[in-house]
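Below, each chain spelled out in residue letters.
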Amino acid sequence: MKTITIYQQEGYKELGDLYGLFFEDINHAADGGLYGELVQNRSFEFCEVDKPEYHSLTAWEKSDNLVWSVETGNPLNKENTHYLHVEAKKGSCIRNQGYNSGIYVEAGKNYDFSVYLRTTISAKITIAVRTDEGKLCAEAALMVGKEKELSDVGDWYKYELVLTATETTYEGRLVLTFEEGVYDLDMVSLFPQDTFLGKKGGLRRDIAEALQEMKPKFMRFPGGCLVHDGSLNDKDRNSMYRWRRTLGPVEERPTWRNNWRYNQTLGLGYYEYFCFCEEIGAKPLPVLPGGFNPHKGEGVPMEDLQEWVQEALDLVEFANGTADSKWGAVRAGMGHPESFGLEYLGIGNEEIGEGFFERYPYFHNAIRAKYPEIKLINTAGPFSVGEGYEDGWNSARKYGSDLVDEHYYSSPEWFLANMHHYDDFDEKGPKVFLGGYASWGNTFYNALVEAAYMTHLEKAKAVALACYAPMLCNVDYVNWKPDMLWFDNHRILKTPNYYVQKLFMSNQGTAEVAYSTSDLDEVIVLTDNPALHGDITIMGNDVEGRIWDITFTNTATGESRKLPDFMVDKENVENYLTEAACDNYSLEFSFKRSAGRKGLKIYFGKKDSDNSILWEFGGWDNWDCNLTEISMAEVQLFPIESSMWRIWNTVCVWRFADVISEPLLMAKFTMILWIDCRS
Ligand code: AHR
């Protein structure tokens, strides 16, 4: 008889906070996403640093009979330096396009409009939502200039009104129609009143509720690469994400470049992240930059590091300090006198490079000394193997980090092949925080594979926390695929991956109990993977160099042939080597790089340009080694274990041995690489 026996009393593993969310402002997850603001570029601060095609009037239009300019003299405040200066004729107007197809308003619902305005006259401005075809969906009159004596000329004044939609549209424009006069405008804003929990200026309800329904145990924020990809000066437009600059009244927050190539208003800042975590019952898990940008290999000078360490200490005080502490008082002033109960803090996100690991201990030691109760998270790079990964784990073991943040995105086959990835991890050392993972795709198959993988995350004693990434994607602003929840300006799409995450999260128990099985059916593995016949080509990846001593061998027969030498050039031209018609073969060659930073791309099993396997060495700024299957324009990644994946300017003898096309379930081939580096 087939049986599964569950030993209720035998605790196997405490599950704690295992399943949570990862919010990153990628794919317009915040502005044009979870953050409920309907106006795009509300403060005229967009600029080309955010994205080359942006400018201060992005998303704005005007009628022909209106003269406008963006000015900076006598601005609203020192963070909000641009504003719109308008010289209007009667009936002239400005319009904002919103996000996606436009501004979404629903008949019968109320919307909060506000604007900072400066004028010397008393006048009526008509505020409306209408479509380009002229359908009027909401309208109200705003009287300006009356609240202030005219002697107050020059002062900014905030005006507010409520618009009630009479028609529904997904293609609305916010239209401000003027009487003749001169006006300065800033922070032109429109929010639905129907936000998550009805908060004014709050979050988009449908997205927030979809996340709340999952019952996450924690939420990581605000990134991702968003955290560390930027300049080291927090006054710079392209600054790294610095939490202290995201607090206070929204009109006094800077707007920044978002490293995913758009603008972030920071309307959704650290205070709002903490509140949202509390509202959905998730423990907050902020991740701070560690004073090092791995994308540029640039670190804050060691003599200035203390300032960054202090920023981390201040964050703990902001979250947990009493209302009479310096940063606790800031939190209380924003409306939350109680502690946010911070337990976890990440330092760094995928920071590979010595620069980070030199700096990490300063954060670690200072936070440990002052707040020993905080669980500190170190970082192990962007792949499941490799030098950065090992460095992260070594650093975590050396300093006693509580957790290590691992990230990987791979094919479903990789996940199937690696179900037991964590079985042998030392449960006594730092625990695994699988802080960003997904199989490449949003199909039912992907979700099923992720579900299978998650059953092993539950079992593996070394795994403490896990979250899928990325979480949100606006369909019209895609930086990264796949994603868990997709949305446009009025709809959300819950993917199969979302439902799997929700299933595991909302049903997470407190402990995994022991069980045993008997007489279950044997698993039968069926595959029909074809042999990897096809062309072999080599291409430089932004490098120059010479390849010689090239030998192709049929390893079954021992037959081999010499191939002609060639140069790789920086034009990234693909060089044809030979056709592999046999099932098992090896390829050997010598390579010397003479210029450039990256490495080589070797294509094999190539049928045509859309169909091959790519083995890339020294990608991602010479950090990365991947096997990629290119088929039907779909790219699947297999990170490869190798401690010698970086390309040096030495003579390397490469030997790809035993390319075996055996039909295995998990991998279509086995490849062994020797690189013999000689100076
Ligand atoms: O989840 C998207 C990106 O993938 C994150 O920014 C990065 O940290 C991760 O590797």
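Reference entry: report on the structure contained in this document. Please read all numbers here as calculations on a predicted model, not as lab measurements.

**Digging into the site of the ligand**
Around the ligand, the structure places Glu24, Ile26, Gly224, Cys225, Trp260, Asn349, Glu350, His407, Tyr409, Ala469, Pro470 and Trp480. In the model, an oxygen atom of the ligand is placed 2.8 Å from a nitrogen or oxygen of the tyrosine 409 side chain. For the ligand, whose accessible area on its own is 280 Å², the fraction buried by protein is 97%. A class-by-class count of the residues in the shell around the ligand yields seven nonpolar, three polar and two charged.

**As for the sheet that holds strand 23 (residues 431-439)**
Taken together, the eight strands give a closed barrel; going around it, the order is 2-14-17-20-21-22-23-24, and neighbouring strands pair in parallel fashion. Each adjacent strand pair in this sheet contributes to an overall mean axis angle of 25 degrees, direction not counted. In this sheet, strand 22 (residues 403-410) lies alongside strand 21 (residues 375-379) in parallel orientation, the contact comprising three bridges. Opposite threonine 379, over in strand 22, you have aspartate 405 as the bridge partner.

**A closer look at unusual backbone geometry**
The step from glycine 223 to glycine 224 runs through a cis peptide bond, and the omega angle for that step is 15 degrees. Note that glycine 224 resides in the loop between strand 14 (218-221) and helix 2 (225-228). The peptide bond linking lysine 481 to proline 482 adopts the cis configuration, its omega dihedral lying at -5 degrees. Along the chain, proline 482 turns up in the loop between strand 25 (472-474) and strand 26 (485-487). Residue leucine 197 is not a glycine yet carries a positive backbone phi of 60 degrees. Among the secondary structure elements, leucine 197 is positioned in the loop between strand 13 (181-192) and helix 1 (205-212). At lysine 215, a position not held by glycine, the phi torsion is positive, near 60 degrees. Here lysine 215 is to be found in the loop between helix 1 and strand 14. Given a relative accessible area of 51%, lysine 215 falls into the exposed group.

Cut-offs and rules
- Residues numbered from 1 in each chain as written.
- Predicted model: local features only at pLDDT ≥ 70, side-chain atom pairs only at ≥ 80, totals over all residues.
- Heavy atoms only, no water.
- Near = heavy atom within 4 Å.
- Polar contact = N/O pair within 3.5 Å; in protein donor to acceptor, adjacent residues only side chain to side chain.
- Areas by Shrake-Rupley, 256 points an atom, 1.4 Å probe, with all protein chains shown as cover.
- Nonpolar A, V, L, I, M, F, W, Y, C, P; charged D, E, K, R; others polar.
- Pairing = 2+ DSSP bridges.
- Helix = DSSP H or I, 4+ residues; strand = E, 2+ residues; numbered from the N terminus.
- Axes fitted to C-alpha atoms, helices over the stretch in contact; angles between N-to-C directions.
- Buried < 20%, exposed > 50% of the residue type's maximum accessible area, 1.4 Å probe, protein only.

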